[in-house]
Amino acid sequence: MSPGRDIAQRLWRGSGRILRGALRQAGTRCMVCGRALRGALPDACCPDCARGLRPRFGGYCPLCGEPYASQDEPVSLCGPCRLGGKPWGCFGMYAEYSGALRGAIVAFKYRADFGYLRLLRSCLLRGQELHGSGTGCGIVVPVPLHSRRLRQRGFNQSLELCRPLPSRLGAELRPRALSRLRDTASQSGLDRTQRRRNMRGSIRADPALVRSRKVLLVDDVYTTGITAKVCTSALLRAGASRVDLLVLARVPGS
Ligand SMILES: [Zn+2]
Ligand SMILES: [Zn+2]
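Quick look at the structure, then. Residue positions are counted from 1 within each chain, in the order its sequence is given. Here chains are named by letter from A upward and ligands by number from 1 upward, in the order in which they appear as written. Selection of residues for local features in this predicted model requires a pLDDT of at least 70, selection of side-chain atom pairs for listing and counting requires 80 or more, and totals for whole chains, interfaces and linings are taken over all residues. Computation of side-chain values: all heavy atoms of the structure, hydrogens and water removed.

In this description a helix means any DSSP run of H or I spanning at least four residues, a strand means any run of E spanning at least two, and both kinds are numbered starting from the N terminus. Counting its secondary structure elements, the chain contains eleven helices and nine strands. Exposure categories follow from relative accessible area, calculated using a 1.4 Å probe and restricted to protein chains: below 20% of the type maximum is buried, above 50% is exposed, and the middle band is partly exposed. Put simply, the chain has 254 residues, and 44% of those count as buried. All accessible-area figures derive from a Shrake-Rupley calculation using a 1.4 Å probe, and residue coverage is judged against the displayed protein chains alone. Roughly 13400 Å² of accessible area belongs to the chain as shown, and the carbon and sulfur atoms make up 52% of that amount.

So, in structure tokens, the structure goes:
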């Protein structure tokens, strides 16, 4: 090798070291709020965001996740669940839809910021571990989007979130087990009863894919629970032997 080329290579390697050093000095940024973090690893959160991303350990309804005022309250059925129950078996969630978790979901879902996907996937996996929903299931089924909505967004957030689950659970991913027959995306302006009516019969399950199977149904955000109910009922009507529900986040008071 010519001496000139050797020197150039050494300079190049040296500049790489300097650049890496400068980046370490500058630190990275909190991946949720963007605050500068000194000496942190990529994908790190600032202490505030890390607090906001903690899973919910106590003070919620075990069947619908409704959070109570304090995490220190016992896990106990809420009024509506005590009265009516839910069609699913085990319910699992990561945490309440607020703060840093909400920010990360909004960025991922509405701004297609896939930088948050790894973080959100690990939250969903942790939610599954914490509550055991889907343990022993045969298939994992994400809540579907209507084809029009899918074209607009470009991806189904629930499908992208649940991709690591099947291998963890020894199950198969079945994104086509459920389909939306009607576009019910815009439910704003409707009250609860109208929403329920609007949703009824809007989702179909494929019996060939779900008959006699234990299903884990996955959604990103649980708001009124109507979507989860309609999906669960469709799966059961199509012959699923059991449906568990896992959501990333629960909107409180809905
Ligand atoms: Zn932060
Ligand atoms: Zn409840």
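The structure having been displayed, the exposition proceeds.
When you line up the elements, Leu 159 lands in helix α7 (residues 157–162). In this structure, the C-alpha to C-alpha distance between Leu 159 and Pro 144, residues 15 residues apart in sequence, is 7.9 Å. Not counting chain neighbours up to four residues away, the residues in contact with Leu 159 comprise Pro 142, Leu 173 and Pro 175. Contacts: residue pairs with any heavy atoms within 4.5 Å of one another.

A few words now on the nonpolar core. Put simply, a nonpolar core is a bunch of buried Ala, Val, Leu, Ile, Met, Phe, Trp, Tyr and Cys residues held in one set by side-chain atoms that sit within 4.5 Å of each other. Among the nonpolar cores identified, the biggest contains 39 residues, and Val 32, Leu 120, Val 140 and Leu 165 are the most heavily contacted of them. Mapped onto this core, the elements with two or more residues apiece are β3 (91–96), α4 (99–111), α5 (117–131), α7, α8 (165–169), β8 (214–222) and β9 (242–250). Not counting chain neighbours up to four residues away, the residues in contact with Leu 165 comprise Leu 124, Leu 125, Gln 128, Val 140, Leu 216, Val 218 and Leu 246.

Right, let's talk about the coordination of the zinc ion (ligand 2) for a bit. Six octahedral donors around a metal ideally subtend angles of 90 or 180 degrees, whereas four tetrahedral donors ideally subtend 109.5 degrees. Note: metal donors comprise N, O and S atoms at 2.8 Å or less from the metal (3.2 Å for Na, K and Ca); water molecules are not included, so apparent gaps in a site are possible. Protein-derived ligands of the zinc ion (ligand 2) are Cys 61 (SG), Cys 64 (SG), Cys 78 (SG) and Cys 81 (SG), with the metal-ligand distances lying across 2.3 to 2.4 Å. Geometry at the zinc ion (ligand 2) is tetrahedral, judged from its four donor atoms and the angles of 104 to 115° they form at the metal. Between consecutive donors of the zinc ion (ligand 2), the numbers of intervening residues give the motif C-x2-C-x13-C-x2-C. Accessibility classification places Cys 61 together with Cys 64 in one group, the buried group. Geometry is assigned from the angles between donors: four donors with all angles from 85 to 135 degrees make a tetrahedral site, four or six donors whose opposite pairs exceed 155 degrees while the rest stay between 65 and 115 make square planar or octahedral sites respectively, and everything else is labelled irregular.

Note on ring pairs: Phe, Tyr and Trp rings are taken, using the six-membered ring of Trp, and paired if centres are within 6.5 Å. Classes follow the plane angle, with under 30 degrees stacked, over 60 edge-to-face and the rest tilted. Under the counting rule described, the total for this entry stands at five aromatic pairs. For the pair Trp 88 and Tyr 222, a centre-to-centre distance of 6.1 Å together with 90° between the ring planes defines the contact as edge-to-face. In this pair, Trp 88 is assigned in the loop between α3 (79–84) and β3 and Tyr 222 in strand β8, connecting sequence segments 134 residues apart. Here the two residues Trp 88 and Tyr 222 agree in accessibility, since each one is buried. Measuring from centroid to centroid gives 5.4 Å for Phe 108 and Phe 114, while their planes differ by 80°, and the two rings are edge-to-face. One aromatic cluster is present, built from ring pairs that chain together Trp 88, Phe 91 and Tyr 222.

What follows concerns helix α11 (residues 226–237). Over its twelve residues, α11 extends 16 Å from the first C-alpha to the last, a length consistent with the 16 Å expected when each residue adds 1.5 Å. Ile 226, Ala 228, Val 230, Cys 231, Thr 232, Ala 234 and Leu 235 are the residues of α11 that are buried. Here the buried face of α11 lies against β6 (178–180), α9 (192–199), β7 (203–205), α10 (207–210), β8 and β9. Just beyond α11, the residue with positive phi is Gly 239, at close to 105°. Here a helix's expected span is defined as the number of its residues, less one, multiplied by 1.5 Å.

What follows covers the sheet that holds β9. Note on pairing: DSSP must find at least two bridges between two strands before they are called paired. Pairing in this open sheet of five strands is parallel, and the strands run β3-β9-β8-β4-β5 from one edge to the other. At either end of the open sheet lies a strand with only one pairing partner, and these are β3 and β5 (172–173). Lines fitted to the C-alpha atoms define the axes, with helices restricted to the stretch that makes contact. Angles between their N-to-C directions range from 0 to 180 degrees. Strands in contact with α11 are β8 and β9; relative to β8, the strand with the most contacts, it is inclined by about 165°.

Moving on, we get to unusual backbone geometry. The phi angle at Ala 112 is positive, at roughly 50°, despite the residue not being glycine. Position of Ala 112 among the secondary structure elements: in the loop between α4 and α5.

What follows covers the coordination of the zinc ion (ligand 1). Of the protein atoms, only Cys 30 (SG), Cys 33 (SG), Cys 46 (SG) and Cys 49 (SG) coordinate the zinc ion (ligand 1), at distances of 2.3 Å. Around the zinc ion (ligand 1) sit four donor atoms, and with donor-metal-donor angles ranging over 102 to 114° the site reads as tetrahedral. Mapped onto the sequence, the donors of the zinc ion (ligand 1) take the spacing C-x2-C-x12-C-x2-C. Within this pair, whereas Cys 30 is found in the loop between β1 (28–29) and β2 (36–37), its partner Cys 46 is found in the loop between β2 and α2 (47–52), the two being separated by 16 residues in sequence. The exposure class assigned to Cys 46 is buried, which follows from its relative accessible area of 0%.

Here we take up the pairing of strand β4 (residues 139–142). Of the two faces of β4, the one lined by Ile 139 and Val 141 and the one lined by Val 140 and Pro 142 are each fully buried. Strand direction decides the pairing type here: β4 and β5, joined by two bridges, are parallel. Following the sheet pairing, Ile 139 is matched in β5 by Glu 172. Where β4 lies against β8, four bridges are found, and the strand directions are parallel.

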